[in-house]
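# Residue-level structural notes
Single-letter residue listing:
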Amino acid sequence: MEKPQTVKECIRYGASWLERRGVDEAAVVAELLAARLLKCKRMELHRFAESRPQQRILDALGRGLRRVAAGEPVQYVLGEWDFRELTLRVDKRALIPRPETEQLVDLVLKKLQSSLLPKPLVVDLGTGSGCIILSVAKAVEEGIFVGLDISDQALSLARENAKLNALEHKVYFARSDGCGEFDPGSVDILVSNPPYIPSAVVDRLDTRIRDHEPRLALDGGSDGLDLYRNLIFDAVMVVKPGGSVFFEIGDDQGAQVSTLLDEFGFIDVQLYKDYGGKDRFAAAVQSF
Ligand code: GLN
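These lines cover the structure that appears in this document, whether it is placed above or below. (Residues numbered from 1 in each chain as written. Predicted model: local features only at pLDDT ≥ 70, side-chain atom pairs only at ≥ 80, totals over all residues. Heavy atoms only, no water.)

### Observations regarding the site of the ligand
Looking at the ligand, the residues that line it are Leu95, Arg98, Glu100, Asn193, Pro194, Pro195, Tyr196, Ile197, Ala217, Leu218 and Glu248. One of the side-chain N or O atoms of Asn193 is found 2.7 Å from a nitrogen atom in the ligand. With respect to the ligand, the backbone of Pro194 contributes an N or O atom lying 2.6 Å from a nitrogen atom. About the coverage of the ligand: the protein hides 87% of its 300 Å² of free accessible area. A per-class count over the shell around the ligand returns seven nonpolar, one polar and three charged. (Near = heavy atom within 4 Å. Polar contact = N/O pair within 3.5 Å; in protein donor to acceptor, adjacent residues only side chain to side chain. Areas by Shrake-Rupley, 256 points an atom, 1.4 Å probe, with all protein chains shown as cover. Nonpolar A, V, L, I, M, F, W, Y, C, P; charged D, E, K, R; others polar.)

Dropping the structure here:
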């Protein structure tokens, strides 16, 4: 292929270069990198299609392509990723927000809208990048929004994301691996996307995930359910009677997580599917 001149040619060249190195969705990746460097949305790239990029853009595109070819997730190379209405900084300090987790936020918001609580206390345990609690806080006018994580690194990223989205005065982040700090029966909603992949499965994950994203955010112990056991125990203590829990779950964990919730006396235990049709969320209500 001749040396690419225009943005369109560079993207095509970059995409085929990635494809030859076995990168999935190579065209999308090349477009995302180009859009980031040209400071536009991917869908706006056509505006630049025939223009000739400056050398520094070409160099940066080359660096980005090489990082993706070497196995890094494109989201980390871009350094930012959209989640619902927020643009979040993403890097190896926390898990990359997944699209299905946007639906977990929908479930929480629906509950908050229907329950009309004046100033709900919403707690996100294992907040990571902060994507869930920041999205909830953005959508709900009044409330107390808390994101907890055991990882100081994740918390530093979540705090940066709060600032970037002008939510730093609305969301509190603190280091904790549980909800022990809250008064009994004080929490209206406990939400979590905990690590839920069984340890042995983490070892076999795609290297793009396994070698780059924090294992702490993925590994749910031998059966993947360790964190639910802790979460549900915490929830029994701190969630108000009539308050709710919402968890993201592995697609084969619905029955086990429902049983755990049942065993701890939660009512209205429900499973919800993601857009791929797989069980992905569990919700329940603390009994009165
Ligand atoms: N859904 C994520 C994945 O498949 C896992 C997230 C998690 O363990 N909470 O990579």
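So much for the structure itself; the text now carries on.
### Structural notes on the pattern of salt bridges
Applying the stated criterion across every chain, the model contains 22 salt bridges. Of the charged contacts in the structure, one is a salt bridge between Glu160 and Arg93, with a shortest N-O distance of 2.9 Å. Remark: Arg93 occurs in the loop between strand 2 (86-89) and helix 5 (99-115) and Glu160 occurs in helix 7 (residues 152-164); sequence separation between them is 67 residues. Exposure remark for Glu160: the relative accessible area of 26% places this residue in the partly exposed category. Judged by relative accessible area, which is 18%, Arg93 ranks as buried. Of the charged contacts, one joins Asp188 and Lys240 as a salt bridge, the two residues approaching to 2.9 Å between their closest N and O atoms. Linking Asp188 in strand 6 (residues 187-192) with Lys240 in strand 7 (residues 239-248), this pair joins segments that are 52 residues apart in sequence. Where salt bridges share partners, they join Arg89, Asp91, Arg93 and Glu160 into one cluster. (Salt bridge = Lys/Arg side-chain N within 4 Å of Asp/Glu carboxyl O. Helix = DSSP H or I, 4+ residues; strand = E, 2+ residues; numbered from the N terminus. Buried < 20%, exposed > 50% of the residue type's maximum accessible area, 1.4 Å probe, protein only.)

Purely geometric numbers; function is a separate question.
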